[in-house]
Amino acid sequence: LEPDEVVAATVEGGTTFTSKSGACAVLLRHQPFQLEIFRDGLLLQTFNARHFLNYELPRHGRATESPRPVGPPLDAADLDPRFLWEESFDQFVDRRPGPTGRGFDVSFAESMALVGLAEHATSLHLGKFQEPYRLYNLDVFEYEVDVPMALYGAIPFVTCVQRSGASGLLALNPSEGFVQVDASNATESWWIFETGPLELYFFLGPSVTDVLQQYHTVTGLPRMPPLAALGKHQSRWNYITPEDVMEVSRNFDRHGIPLDFLWLDLEHTHGKRYFTWDPKHFPLPEVETMLDSLNRTHRKLVTIIDPHLFANDSNYTVANLFKEKKLVVQKPSGEDFHGFCWPGPSVYPDFCSPEARAEWAKLFDFKAYPGRPAELYTWNDMNEPSVFDGPEITLPKDTRHHCGDEILEHREVHNLYGFWVQEASVQGHLLRQPEQRPFVLTRSFFAGSHRHGAAWTGDNMANWRHLERSVPMLLSLSLCGLSLAGADVAGFMGDPDLELFVRWHQLGIWYPFYRAHAHLTSKRREPWIFGTTVLEKVRSAVLTRYRLLPMWYTLAAEWALLGLPMIRPIWYHDLQDTQAFQHADSHFFVGDALLVRAPETGKSVKLYLPGNSSWYDFWDPSSIRPSGSYKEPLHKHHVPVFVRSGHCLVQRWRPRRSSGAMEGDPYTVVCYGQPATGRVYIDDGRSHEYQKGAYIFDEITLDFNALRGTASTLDKTKRAASAPSVERRIERLVLLGMTKIPKQITKGEETLDFSIDSQPERTSAVDLTVRKPGLSFGSSWSIHFH
């Protein structure tokens with residue numbers, strides 16, 4: 001975005017600020033203070049409409065109660081002076097610095113829906129509760145759904161979907177917050193933070209996409225993931241030995257299920273000391289054999305690294321380093337804070353300190369961990385941070401951080417702790433291997449965490465309600481800029497029944513981040529354990545995920561380089577379809593072409609196909625239906641997925657063991673309906689060369705006379721003189737719903753062979769396939785119909 005010249009003018013009772021183009025305007029009313037924000041003359045938001053603005057000023061002294069002042073109150077502390085200096089919670093006492101609260105209200109005009117405020121296990125549309133949504137990152141085991149309680153991450157950003165388009169609001173404050181939303185009529189919101197800045201950003205759209213892109217101008221664009229991160233991830237707490245890991249990998253091969261990542265939880269470490277290997281169960285020679293074995297099959301390993309360090313071992317060099325350098329969180333007295341977590345008494349690195357983050361990054365040096373270069377990546381868990389014997393299982397608010405030249409209380413930066421842990425881990429990956437893209441998963445996050453990597457929805461449960469709520473949770477994250485996210489398939493805690501297990505995998509392949517994970521006490525649940533029928537269904541689902549990896553990678557690139565969400569609410573592309581808003585928790589778009597309907601128990605679901613379009617059944621493209629409501633039978637082998645007519649999807653059809661094994665495979669282009677358009681992004685899948693323009697981004701256009709591929713660009717980066725050295729051949733064109741059978745298809749002077757797939761029940765359209773068309777992505781091409 002470019003800065004816009006602003007013109008100020010005095011009006012009765014206030015001042016107007018108008019962009020030179022006249023599109024954006026703010027009316028500042030002086031008494032009482034109020035901001036009215038307009039786009040093209042339409043009122044979008046009003047700040048302080050209900051006059052709840054509160055900015056508490058410091059007080060002197062520590063009296064538990066102060067007499068009510070004479071005259072009007074200065075701020076809310078004058079109305080209720082309790083708990084200004086001290087507050088008790090169970091056995092904990094929080095000694096506060098006095099009144100520091102911040103509060104304000106914002107009204108959204110003509111609101112159809114308010115979304116955002118990730119992370120909550122609730123409906124996508126906000127405003128369902130009498131209680132406020134809490135923003136305070138916490139370790140919540142077996143969390144409840146349909147309550148506005150705090151969870152692992154907090155993004156204080158909302159988008160209001162309005163009849164005239166959309167607008168957004170970001171309150172950039174990392175302290176504990178509460179947001180009360182009233183969804184009746186115009187949506188009223190009331191925001192309260194314990195302390196910190198009153199730093200607000202208003203985004204005027206006009207579309208939801210515009211709001212997100214404006215949000216990314218403030219918070220930064222996302223990090224481009226390695227291609228393999230979009231494949232299947234297999235995890236549990238815990239695979240118990242390197243041989244166990246390798247046997248799981250071999251079984252994926254034996255049963256024909258692709259896999260890219262295997263994950264190791266706590267028990268691989270030496271007594272839960274991070275950056276170590278258990279000498280009994282994971283001796284280094286066997287670890288090296290395991291890493292070599294995974295590398296040969298183009299697979300990778302992720303290990304858990306949490307930010308609590310065992311304090312009672314004089315030989316644990318990692319903890320000693322941070323303690324000796326005074327880089328751990330401290331008590332108010334200046335002593336090191338000790339809290340209890342997985343290893344026992346632990347210290348917590350002070351990630352607010354740039355020096356602490358730099359020291360953490362050095363720990364990822366291959367020479368130290370695992371002792372040699374490897375395809376080894378990182379999982380940051382428990383980084384809210386989790387303190388088992390702390391208030392609400394986290395750090396006391398009065399502990400101290402050294403943030404550069406400032407000393408801050410934890411209450412001022414709490415929701416940023418996990419953000420900083422992930423940031424430091426990413427820097428560690430870049431430090432040890434600058435030419436490779438990092439992959440770091442986080443549980444705790446804040447606005448801007450998308451710059452670092454992926455997130456997941458934490459310790460969910462193996463039941464249908466958690467499966468259903470995963471959809472609005474992930475949509476909310478996507479609409480807060482954090483698209484690369486997923487939920488544990490098929491529920492972290494508990495043992496899913498076979499139907500739930502299968503259905504969750506069938507849904508999970510449509511999450512941007514697809515990982516199976518399970519608790520220590522759950523039974524083993526690799527797909528082959530449950531017999532042939534379950535195995536076949538899961539294998540079919542995973543193969544579909546890999547078949548569509550080119551589509552997923554294109555969406556990831558558009559997210560990373562343009563800020564476009566990878567998954568989107570059902571109403572995203574047509575705000576005039578008011579009926580679509582009723583299905584926001586059960587349906588979602590993958591990109592702009594695919595619509596997914598989440599499964600439920602039973603034999604059928606209510607399906608809604610939005611807009612004014614024709615829709616192809618993804619699983620049976622001979623079945624086409626118009627927009628509308630349907631009672632959709634649930635197929636045993638997949639969840640309902642439909643492709644909007646007018647789109648082309650680029651795919652790879654050859655089944656392989658991993659994304660790395662697919663690198664030399666050609667592409668298939670499938671177009672649904674005529675005319676149609678599509679896109680494909682290709683690079684080397686692992687380096688940063690795309691930032692220099694070493695990538696392919698082609699636009700595909702099908703009209704009634706020709707199919708064309710045109711080289712394009714995704715950003716302002718100058719394209720490299722040569723494209724990346726990757727496979728780009730197109731081996732097959734599948735054109736569904738052609739309006740008539742061509743007599744001839746040509747490429748220049750060459751006549752191409754094609755076949756017709758007869759659909760006797762359809763007389764108005766035909767499907768045809770062109771094999772070996774001799775085309776490649778990365779250069780302009782066309783074929784013509786005669």
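All values reported here derive from a predicted model rather than from experimental measurement.

**Quick word on the overall build of the protein**
The helix and strand inventory of the protein stands at eleven helices and 46 strands. The C-alpha radius of gyration of the protein comes to 27 Å, within 12% of the 28 Å expected for a compact globule of 786 residues. C-alpha atoms of the protein, sized along the principal axes, occupy 90 × 75 × 55 Å. Burial analysis of the protein (786 residues in total) assigns 61% to the buried set. Surface accessibility of the protein: about 30000 Å² in total, with carbon and sulfur atoms responsible for 52%. Across the protein, the 79 positively charged side chains and the 95 negatively charged ones have centroids separated by 6 Å.

**Thoughts on the layout of surface pockets**
Roughly 980 Å³ of volume is contained in the largest pocket. Contributions of two or more residues to the lining of the largest pocket are made by strand S7 (86-89), strand S8 (92-95), strand S9 (102-108) and strand S15 (187-193). Split into classes, the residues belonging to the lining of the largest pocket amount to 17 nonpolar, five polar and 14 charged.

**Observations concerning the pattern of salt bridges**
Here the structure, examined in full by the defined rule, presents 50 salt bridges. The closest approach of N and O atoms between glutamate 409 and arginine 411, which form a salt bridge, is 2.7 Å. Given a relative accessible area of 2%, arginine 411 falls into the buried group. Note that arginine 469 is salt-bridged to aspartate 585, the shortest N-O span being 3.7 Å. Separated by 116 residues along the polypeptide, arginine 469 in helix H8 (residues 464-479) and aspartate 585 in the loop between strand S30 (567-569) and strand S31 (587-590) bring together distant segments of the chain. Bridged by salt links that share partners, the residues Asp94, Arg96, Arg134, Glu176, Glu194, Glu392, Lys397, Arg400, Glu409 and Arg411 form one connected network.

**Considerations on the packing of aromatic side chains**
Per the counting criterion, the structure on display carries 40 aromatic pairs. Between phenylalanine 33 and phenylalanine 47, the ring centres sit 6.1 Å apart and the planes meet at 80 degrees, which makes this aromatic pair edge-to-face. Here phenylalanine 33 is found in the loop between strand S3 (24-29) and strand S4 (34-39), whereas its partner phenylalanine 47 is found in strand S5 (residues 42-47), with 14 residues between them in sequence. With a relative accessible area of 31%, phenylalanine 33 lands in the partly exposed category. For phenylalanine 47, a relative accessible area of 5% puts it in the buried group. The aromatic ring of tryptophan 379 is capped on one face by arginine 515, whose charged end is 4.6 Å from the ring centroid. Over the ring of tyrosine 630 we find arginine 625, and its NZ or CZ is 4.8 Å from the ring centre.

**Overview of the state of the cysteines**
On inspection of all chains with the given rule, the structure shows two disulfides. Residue cysteine 352 pairs covalently with cysteine 403 via a disulfide, S to S 1.7 Å. Its S-S torsion of about 120 degrees marks the bond between cysteine 352 and cysteine 403 as right-handed, since a negative value means left-handed. Remark: cysteine 403 occurs in strand S24 (residues 400-403) and cysteine 352 occurs in the loop between strand S22 (344-347) and helix H5 (354-362); sequence separation between them is 51 residues. Here cysteine 352 matches cysteine 403 in class, with each residue buried. With a sulfur-sulfur separation of 2.2 Å, cysteine 648 is cross-linked through a disulfide to cysteine 671. The sign of the 105 degrees torsion about the S-S bond sets the cysteine 648-cysteine 671 disulfide as right-handed. Separated by 23 residues along the polypeptide, cysteine 648 in strand S36 (residues 647-651) and cysteine 671 in strand S37 (residues 667-672) bring together distant segments of the chain. No difference in accessibility class separates cysteine 648 from cysteine 671, as the two residues are buried.

**Remarks on the pairing of strand S40 (residues 706-711)**
A regular strand carries its side chains on alternate faces of the sheet. For strand S39 (residues 696-702) and S40, the ladder comprises five bridges, and the chain directions are antiparallel. Each bridged residue has a counterpart across the sheet, and for threonine 701 the counterpart in S40 is arginine 708. Where S39 hands over to S40, the hairpin turn is made up of three residues, counted between the paired strands. Direction of pairing for S40 relative to strand S46 (residues 781-785): antiparallel, over a ladder of four bridges. Looking at the pairing, leucine 707 lines up with isoleucine 783 of S46.

**Structural notes on the packing of helix H9 (residues 498-508) against helix H10 (residues 532-547)**
Interaxial distance between H9 and H10 falls to 9 Å at its minimum, and their mutual angle equals 10 degrees. With respect to each other, H9 and H10 are oriented roughly parallel. Mapping the contact onto sequence places Leu498, Phe501, Val502, His505, Gln506 and Gly508 in H9 and Val534, Lys537, Val538, Ala541 and Arg545 in H10. Each residue belonging to the contact of H9 with H10 can be placed in one class, and the counts come to six nonpolar, three polar and two charged.

**Re the sheet that holds strand S16 (residues 200-203)**
Taking strand neighbours across the sheet as the criterion, the four strands line up as S10-S12-S13-S16 in an open arrangement whose pairing is antiparallel. Strands with a single pairing partner mark the edges of an open sheet, and in this sheet they are strand S10 (111-116) and S16. With strand direction ignored, the average angle separating the axes of adjacent strands in the sheet is 15 degrees. Bridge analysis of strand S13 (residues 165-171) against S16 gives four bridges, and the strand direction is antiparallel. Bridge pairing in S16 links leucine 170 to tyrosine 201. Contacts between helix H1 (residues 208-219) and the sheet are confined to strand S12 (157-162), S13 and S16, with S13 contributing the most and set at about 25 degrees to the helix.

**Describing empty space enclosed by the protein**
All told, the structure shown has nine cavities of 30 Å³ or more when counted by the stated rule. Lining the largest cavity we find 14 residues, and of these Met551, Asp592, Cys648, Leu649 and Arg679 sit closest to its centre. Of all the secondary-structure elements, those providing two or more residues to the lining of the largest cavity are helix H11 (549-562), S36 and strand S38 (676-682). Ranked by the residues each element gives to the lining of the largest cavity, the list is headed by S36, at four residues. In terms of residue class, the lining of the largest cavity is made up of seven nonpolar, five polar and two charged.

**Some thoughts on the nonpolar core**
One finds Trp360, Trp510, Trp571, Val590, Leu594 and Tyr681 to be the most contacted residues of the largest nonpolar core, which totals 171 residues. Ranked by residues supplied to this core, first place goes to H11 with ten residues. Residues in contact with tryptophan 571, not counting those within four places in the same chain, are Val115, Leu124, His125, Val161, Val208, Leu479, Ala580, Phe581 and Ala584. Judged by nonpolar contacts, the second largest core, of 26 residues, contains Cys648, Ile700, Ile745 and Leu752.

**Digging into the sheet that holds strand S21 (residues 339-341)**
Pairing is antiparallel across the open sheet formed by three strands, whose spatial order is S20-S22-S21. The open sheet is flanked by strand S20 (309-310) and S21, the only strands paired with a single partner. Bridge analysis of S20 against S22 gives two bridges, and the strand direction is antiparallel. When the bridges of S22 are listed, phenylalanine 310 appears paired with serine 346.

Each value, and the rule that gives it
- Residues numbered from 1 in each chain as written.
- Predicted model: local features only at pLDDT ≥ 70, side-chain atom pairs only at ≥ 80, totals over all residues.
- Heavy atoms only, no water.
- Helix = DSSP H or I, 4+ residues; strand = E, 2+ residues; numbered from the N terminus.
- Rg over C-alpha atoms; globule rule 2.2 N^0.38 Å.
- Buried < 20%, exposed > 50% of the residue type's maximum accessible area, 1.4 Å probe, protein only.
- Areas by Shrake-Rupley, 256 points an atom, 1.4 Å probe, with all protein chains shown as cover.
- Lys, Arg positive; Asp, Glu negative; His and termini not counted.
- Charge placed at Lys NZ, Arg CZ, Asp CG, Glu CD.
- 1 Å grid on protein atoms, 1.4 Å probe; cavity = no way out; pocket = protein on both sides within 12 Å on 5 of 7 lines; lining within 4 Å.
- Points joined across faces, edges and corners; volume = space filled by probe spheres on them.
- Nonpolar A, V, L, I, M, F, W, Y, C, P; charged D, E, K, R; others polar.
- Salt bridge = Lys/Arg side-chain N within 4 Å of Asp/Glu carboxyl O.
- Phe/Tyr/Trp six-rings, centres within 6.5 Å; stacked < 30°, edge-to-face > 60°.
- Lys NZ or Arg CZ within 6 Å of the ring centre and 35° of its normal.
- Disulfide = S-S within 2.5 Å.
- Pairing = 2+ DSSP bridges.
- Axes fitted to C-alpha atoms, helices over the stretch in contact; angles between N-to-C directions.
- Parallel < 35°, antiparallel > 145°, perpendicular 65-115°, else oblique.
- Contact = heavy atoms within 4.5 Å.
- Core = buried A, V, L, I, M, F, W, Y, C linked by side-chain atoms within 4.5 Å.

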